[in-house]
Amino acid sequence: MKRRIKTILAVSLSFLALLLVLLFSGIPIPLDFLDSRLESLATNLLNRKVVLHGPVRLRPSLKPVLELGGLTIGNPMGWSGEGHLLTVASGHGQISLLPLLKGKFLINDLIFEGVDLQLVTRADHTTNYSFGESEPGTETKQPSHALTGLEHISLHDIHLSYLDVLNGREYMLNVDEAHGRGAPDSPLYFSLHGTVSEQPVSLEFKGGSLGELLEQTKSWPLTEGTLSLADTTLDLSGTLVRSDYETGGYLAISLEGTHLEEIGEALGFSLPEIGDFSLKTNIGVYPGRATFTGIELGVLNSSLKGNLEFSFHDPKPTLSGTVDIQTLHPALFSAFTNNQTESVPMKKQESTELAALPWQMLQFLDSDLHLKIATVQSDTFYADNLQAVVSLVDGDLLVPFSGTVMDIQVDGKLGVSGSESTPSVKLDFSSKSAALAPLFAALGKQQDIGGELGAIALTARTSGKTLPELIKELDLNLELGDSRFLVQSDQVFSASKLSLQRRSNNPFVLSASGEVLDRPFHLKASAGRRKGAKDIHTSPLHLQFDACDTELLFDGALYSGREDNTVGDFQFSLNGEKLCGFLGSVEKFIGEKSE
């Protein structure tokens, strides 16, 4: 009996010793006999064909290593056409067994080479990278082992492509090499070098430990983040704040570059050529609000500073803050407006109803935004100390503004009552008198032109849901103060009174009086359009001009109907003498030709 027990004990110890030898020897154990089972299991799990191309081996130890020779994951079952989702030339993974016994899944080493990932979105919005989701209301069992760390990851020769058939665009990322580490108690690190659509790209970031990131109660720092693409560099740093008192985060951003258009080419869309540019700001994200402080933007001889805050509390978002522009060059506007992509011609839709203006956009958010522009400067235009406040509350917009434009002080106020059932628009504008010579000089015109432009006072009121309704209901009154127009210091024209008026659904009326070549003149003209019976549009025209003992009268109307036929009825008369010398020149010209 004792001999039998000794024999069993010896065999058991021998088997245990052999097992320990195998466990610590690292001798590879081929698992090729499991290929078909692994392929079948993965195919059923992913609903797409999975093929193992190379040998699969296991090196047993307390940190076992799984070596994968090659792998292909196809597109979803029933997906038409060729291609695949993922191919891997070779893979290598190592995990720790002792942490696994404690419920912690720690990967010591993960290496992939020759990876090709092809993502596709088709015209019918289906994709090859969407996997099955749990039905609503079903409970998903949490895994017993969660990933707690990755000590080292290494990627080589990685190709990622994304084909968007819906928008006709394809994006490509080639990674020459990438390295990273994320052990539970050491700083997180990742670096990448490659190309995006043939443009060089590099990425590097450092942060707090993975343990701090996964633990929901501790703040996590992003100590350094740098992304470089097409000679443009983005630097990031900040903190993810998580505590009993506050949840949110803040991020410091610095962006500098020289070729914005090349970034657009790499990402598949068009961006303007603006040369050197820079942007700095601090972003804060907290429950119900986001802040942008210390904004500094420099581009195309223009510079901007400001602070903005978005509040997302009920009942609607609110935008508030200040934007202070030290210098604004008009080339900034032309750079972006001239860069607009050509739109695809659309088939004209016939409709008997006129499209309403998008007044509902005023209901999307409230705002209290203060704008300041110190200087606007170009070769032909300049302005100083421009200020405006954009106040938007419950769909009602109010924008008071002021400044100096071409040495002319201007003030005004724009109001839009978007909360009314029929929206209304109000505009008040005034400017002080100014010398004409600097205006013509700034515009590059003749230097011998001068005079004075009188003060301007404008009031406009209208209401309607469509543009034709706004024009129809327009009430306008424009008054121009005493003005003089000089050529080589000789007064050619002066107006002691000039006004343009219009009442809703009535013609525009222009009246003026003053002097032409030191001779008095009076002008009254009117023009407009009315819709009468049987959809007949009437456009009455009237002109009465008295100058230099000469009277010019023009009266009549144009009539147009549904068939686009237009007829006119006019009366014309001219009585007087030389019309300030003009008719004399005509008479002389006719006489010379008649001889």
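## Overview of the environment of Leu166
Next, step 1: Within the secondary structure, Leu166 sits in the loop between β8 (146–164) and β9 (169–182).
Next, step 2: Take Leu166: its relative accessible area is 38%, and that puts it in the partly exposed class.
Next, step 3: For the pair Leu166 and Arg122, spaced 44 residues apart in sequence, the C-alpha separation works out to 5.8 Å.
Next, step 4: Every residue in contact with Leu166, bar those within four places of it in the chain, is listed here: Thr121, Arg122, Ala123 and His125.

## A few points about the layout of surface pockets
Here the idea is plain: a probe the size of a water molecule rolls over the atoms and shows the empty space left.
Next, step 1: Taken as a whole, the second largest pocket spans an internal volume of roughly 380 Å³.
Next, step 2: What lines the second largest pocket is a set of 17 residues, among which Leu52, Leu66, Leu68, Leu71 and Phe112 lie closest to the centre.
Next, step 3: Elements that contribute at least two residues to the lining of the second largest pocket include exactly α2 (35–46), β2 (48–52), β4 (65–68), β5 (71–76), β6 (84–95) and β7 (104–121).
Next, step 4: Residues belonging to the lining of the second largest pocket are distributed by class as follows: 13 nonpolar, three polar and one charged.

## Describing the packing of aromatic side chains
Next, step 1: Scanning the model with the defined rule gives five aromatic pairs in all.
Next, step 2: Ring centres of Phe292 and Phe310 lie 6.1 Å apart, and the angle between their planes is 80°; on these two criteria the pair is classed as edge-to-face. Here Phe292, found in strand β16 (residues 289–299), pairs with Phe310, found in strand β17 (residues 302–311); they are 18 residues apart in sequence, far enough to count as distant.
Next, step 3: The exposure class of Phe292 is partly exposed, given its relative accessible area of 24%.
Next, step 4: Overall, the relative accessible area of 26% leaves Phe310 in the partly exposed class.
Next, step 5: Here Phe521 and Phe545 contribute two aromatic rings whose centre-to-centre distance is 6.2 Å and whose plane-to-plane angle is 35°, an arrangement assigned as tilted. Here Phe521 is found in strand β31 (residues 519–527), whereas its partner Phe545 is found in strand β33 (residues 537–547), with 24 residues between them in sequence.
Next, step 6: Under the relative-accessibility criterion, Phe521 is labelled buried at 3%.
Next, step 7: Accessibility expressed as a relative area gives 21% for Phe545, which makes it partly exposed.
Next, step 8: Lying over the aromatic face of Phe508, Arg502 brings its terminal NZ or CZ to 5.4 Å of the ring centre.

## Some points on the nonpolar core
Next, step 1: Leu71, Ile73, Leu86, Ala178, Leu192 and Leu229 are the most contacted members of the largest nonpolar core, which has 25 residues in total.
Next, step 2: Those elements giving two or more residues to this core turn out to be β2, β5, β6, β7, β8, β9, β10 (187–196) and α5 (260–267).
Next, step 3: No other element matches the four residues that β8 contributes to this core.
Next, step 4: Setting aside residues no more than four positions away along its own chain, Leu192 makes contact with Val175, Glu177, Ala178, Val201, Ser202 and Leu203.
Next, step 5: In this structure, Val323, Leu328, Leu369 and Ala383 belong to the second largest nonpolar core, which totals 13 residues.

## Re a negative patch on the surface
Next, step 1: A contiguous patch of negative charge, built from Glu113, Asp157, Asp176 and Glu177, is present on the exposed surface.
Next, step 2: On the secondary structure map, Asp176 appears in strand β9.

## Structural notes on the pairing of strand β14 (residues 247–257)
For a regular strand, the rule is simple: side chains alternate between the two faces of the sheet.
Next, step 1: As judged from the 10 bridges shared by strand β13 (residues 232–242) and β14, these two strands associate in the antiparallel manner. Within the sheet, the bridge partner assigned to Asp235 lies in β14 and is Ser254.
Next, step 2: Hairpin connection from β13 to β14: four residues lie between these consecutive antiparallel strands.
Next, step 3: Where β14 and strand β15 (residues 277–286) come together, nine bridges link them in antiparallel fashion. From the neighbouring strand, Tyr250 faces β15, where its bridge partner is Gly284.

The rules we used
- Residues numbered from 1 in each chain as written.
- Predicted model: local features only at pLDDT ≥ 70, side-chain atom pairs only at ≥ 80, totals over all residues.
- Heavy atoms only, no water.
- Helix = DSSP H or I, 4+ residues; strand = E, 2+ residues; numbered from the N terminus.
- Buried < 20%, exposed > 50% of the residue type's maximum accessible area, 1.4 Å probe, protein only.
- Contact = heavy atoms within 4.5 Å.
- 1 Å grid on protein atoms, 1.4 Å probe; cavity = no way out; pocket = protein on both sides within 12 Å on 5 of 7 lines; lining within 4 Å.
- Points joined across faces, edges and corners; volume = space filled by probe spheres on them.
- Nonpolar A, V, L, I, M, F, W, Y, C, P; charged D, E, K, R; others polar.
- Phe/Tyr/Trp six-rings, centres within 6.5 Å; stacked < 30°, edge-to-face > 60°.
- Lys NZ or Arg CZ within 6 Å of the ring centre and 35° of its normal.
- Core = buried A, V, L, I, M, F, W, Y, C linked by side-chain atoms within 4.5 Å.
- Patch = residues over 30% accessible without salt bridge, like charges linked within 9 Å, V, L, I, M, F, W, Y side chains within 5 Å.
- Areas by Shrake-Rupley, 256 points an atom, 1.4 Å probe, with all protein chains shown as cover.
- Salt bridge = Lys/Arg side-chain N within 4 Å of Asp/Glu carboxyl O.
- Lys, Arg positive; Asp, Glu negative; His and termini not counted.
- Charge placed at Lys NZ, Arg CZ, Asp CG, Glu CD.
- Pairing = 2+ DSSP bridges.

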